[in-house]
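Residue strings, one per chain:
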Amino acid sequence: MVTDAKAGGGTPPVHVAIIMDGNGRWAEARGLPRSEGHRRGVEAVRRTVTAASDLGIGYLTLFSFSSENWSRPPAEVEFLFGLLRMFIRRDLARLHRQGVRIQVIGSRHELPKDIAALINEAEAKTAGNTGLCMVVAFNYGGRDEIARAAREIARKVARGGIDPAEVDEAMIASHLDTANMPDPDLVIRTSGEMRLSNFLLWQSAYAEFVFLPLHWPDFDDAALKSAIAEFSQRSRRFGGRLK
Ligand code: IPE
Ligand code: IPE
Ligand code: MG
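On a predicted model such as this, the values are computed, not experimentally measured, just so you know.

1. Some details on the pairing of strand S4 (residues 101-105)
Point 1. Pairing geometry for S4 and strand S5 (residues 133-140), over five bridges, is parallel. Residue pairing in the sheet places arginine 101 in a bridge with cysteine 133 of S5.
Point 2. Once the chain exits S4 it traverses helix H4 (residues 113-126) before rejoining the sheet at S5, and the crossover so formed is left-handed.

Laid out in structure tokens, this is it:
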């Protein structure tokens with residue numbers, strides 16, 4: 001794929017994706033249960049959606065539960081599911097009024113039925129909104145997403161609907177959960193860890209990465225602005241040359 005080389009140039013990124021990490025350590029450092037870190041993490045989500053919306057960002061993707069997070073104790077998994085339930089129930093009406101469009105990426109099959117129903121409701125209610133697109137990555141893993149896309153394409157090939165020679169990057173991209181979304185320009189990870197943990201593997205091919213030392217419950221609009229300022233200093237070449 002050929003994309004023009006360009007500097008970050010001070011223009012805000014269209015798509016910011018965040019690996020919201022460090023809730024547990026934030027809580028442990030304060031002698032609190034990990035669940036309190038997750039709860040405070042939801043407040044950081046609310047602040048960040050408002051900040052991103054005010055900055056005119058087009059897409060904000062938030063990594064909320066990974067396909068590998070099932071390996072945590074069942075009580076923590078259940079607590080995280082409960083937070084998603086509560087977030088949709090409490091915040092959907094306000095987000096809708098603010099013109100936010102909600103989309104959820106990740107595998108739905110393994111999710112409890114009521115959560116799948118809430119996700120469908122949130123997506124359907126906000127589908128026509130034209131403000132910030134809030135993308136919630138829930139039960140999401142990049143390898144799982146690519147495997148699901150490959151399976152779907154293979155089914156179409158087997159039925160004779162697609163010639164294998166037609167399978168190209170655009171076709172794969174259009175079978176991912178992020179079909180119709182631009183690739184992330186900026187990927188932020190909090191908590192000081194410097195890894196992707198299976199987040200947006202395909203889509204981050206040319207993203208700029210900013211790793212912040214603070215834990216997710218401490219994230220705020222100043223942190224978002226500082227990450228964007230760092231992004232604006234980067235020179236993006238996409239394999240080409242600036243001159
Ligand atoms: C991020 O915080 C939230 C999720 C992964 C769901 P963690 O729970 O991973 O917190 P740490 O990394 O253990 O501090
Ligand atoms: C990544 O954080 C997943 C989310 C933020 C939802 P983890 O805490 O699960 O990642 P690892 O285990 O440190 O790589
Ligand atoms: Mg973590």
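2. As for helix H3 (residues 74-97)
Point 1. For H3, which comprises 24 residues, the first-to-last C-alpha distance of 35 Å matches the rise-based estimate of 34 Å (1.5 Å per residue) to within 8%.
Point 2. At aspartate 91, H3 is deflected by roughly 55°, the largest bend along its length.
Point 3. Contacts made by the buried residues of H3 are with helix H2 (34-54), strand S3 (59-66), S4, H4 and S5.
Point 4. Within two residues after H3, glycine 99 carries a phi angle of roughly 80°, on the positive side.

3. A few points about the site of ligand 2
Point 1. Every residue near ligand 2 is listed here: Ile19, Met20, Asp21, Phe63, Ser64, Phe65, Asn69, Arg72, Arg189, Arg195 and Ser197.
Point 2. Asparagine 69 places a polar side-chain atom, nitrogen or oxygen, 2.9 Å from an oxygen atom of ligand 2.
Point 3. The side chain of arginine 195 places a nitrogen or oxygen atom 2.8 Å from an oxygen atom of ligand 2.
Point 4. Bound to the protein, ligand 2 loses 78% of the 390 Å² it would expose on its own.
Point 5. Under a 2 Å grid-point criterion requiring more than half of the atoms, the pocket assigned to ligand 2 is the largest pocket.
Point 6. For the shell around ligand 2, the leading source of residues is S3, giving three residues.

4. Some words on the pairing of strand S6 (residues 186-189)
Point 1. A two-sided burial pattern is seen for S6, the buried positions comprising Leu186 and Ile188 on one face and Val187 and Arg189 on the other.
Point 2. As paired strands, S6 and strand S7 (residues 208-211) are joined by four bridges and run parallel to one another. Its bridge partner lying in S7, isoleucine 188 is registered against valine 210.

5. Quick word on the nonpolar core
Note that soluble globular proteins tend to have their nonpolar side chains buried in a common cluster.
Point 1. If you look at the biggest cluster of nonpolar residues, it comprises 45 residues, and the most contacted ones within it are Ile18, Val49, Met134, Ile188 and Leu224.
Point 2. Excluding its chain neighbours within four sequence positions, the residues that come into contact with leucine 224 are Val16, Thr48, Ala51, Ala52, Leu55, Ile57, Ile188 and Phe219.
Point 3. Counting 14 residues, the second-largest nonpolar core is a separate cluster that includes Ile19, Cys133, Tyr140 and Phe199.

6. Observations regarding empty space enclosed by the protein
One simple way to see leftover space: roll a probe sized like a water molecule over the atoms.
Point 1. Counted by the stated rule, this structure contains one cavity of 30 Å³ or more.
Point 2. Every residue along the wall of the largest cavity is listed here: Leu84, Phe87, Ile88, Ile102, Val104, Ala122, Met134 and Val136.
Point 3. Ranked by the residues each element gives to the lining of the largest cavity, the list is headed by H3, at three residues.
Point 4. Taken together, the residues that form the lining of the largest cavity break down as eight nonpolar, no polar and no charged.

7. Topic: the pattern of salt bridges
Point 1. Within this structure, the stated rule accounts for 23 salt bridges.
Point 2. Salt bridges sharing common partners tie together Asp21, Arg25, Arg189, Glu193 and Arg195.

8. Re the packing of aromatic side chains
Point 1. Here the structure, examined in full by the defined rule, presents eleven aromatic pairs.
Point 2. Ring centres 5.6 Å apart and planes at 50° place the aromatic pair phenylalanine 81 and phenylalanine 138 in the tilted group. In this pair, phenylalanine 81 is assigned in helix H3 and phenylalanine 138 in strand S5, connecting sequence segments 57 residues apart.
Point 3. Using a relative accessible area of 3% as the deciding quantity, one classes phenylalanine 81 as buried.
Point 4. Relative to phenylalanine 238, the ring of tyrosine 206 lies with its centre 5.4 Å away and its plane at 50°, an arrangement referred to as tilted. Here tyrosine 206, found in the loop between S6 and S7, pairs with phenylalanine 238, found in the segment after strand S8 (235-236); they are 32 residues apart in sequence, far enough to count as distant.
Point 5. For tyrosine 206, a relative accessible area of 46% corresponds to the partly exposed category.

Calculation notes
- Residues numbered from 1 in each chain as written.
- Chains lettered and ligands numbered in written order.
- Predicted model: local features only at pLDDT ≥ 70, side-chain atom pairs only at ≥ 80, totals over all residues.
- Heavy atoms only, no water.
- Pairing = 2+ DSSP bridges.
- Helix = DSSP H or I, 4+ residues; strand = E, 2+ residues; numbered from the N terminus.
- Right-handed = clockwise from strand over helix to strand, strands pointing away.
- Expected span 1.5 Å × (residues − 1).
- Bend = angle between axes of the 7 residues up to and from the residue.
- Contact = heavy atoms within 4.5 Å.
- Near = heavy atom within 4 Å.
- Polar contact = N/O pair within 3.5 Å; in protein donor to acceptor, adjacent residues only side chain to side chain.
- Areas by Shrake-Rupley, 256 points an atom, 1.4 Å probe, with all protein chains shown as cover.
- 1 Å grid on protein atoms, 1.4 Å probe; cavity = no way out; pocket = protein on both sides within 12 Å on 5 of 7 lines; lining within 4 Å.
- Sits in = over half its atoms within 2 Å of the grid points.
- Buried < 20%, exposed > 50% of the residue type's maximum accessible area, 1.4 Å probe, protein only.
- Core = buried A, V, L, I, M, F, W, Y, C linked by side-chain atoms within 4.5 Å.
- Points joined across faces, edges and corners; volume = space filled by probe spheres on them.
- Nonpolar A, V, L, I, M, F, W, Y, C, P; charged D, E, K, R; others polar.
- Salt bridge = Lys/Arg side-chain N within 4 Å of Asp/Glu carboxyl O.
- Phe/Tyr/Trp six-rings, centres within 6.5 Å; stacked < 30°, edge-to-face > 60°.

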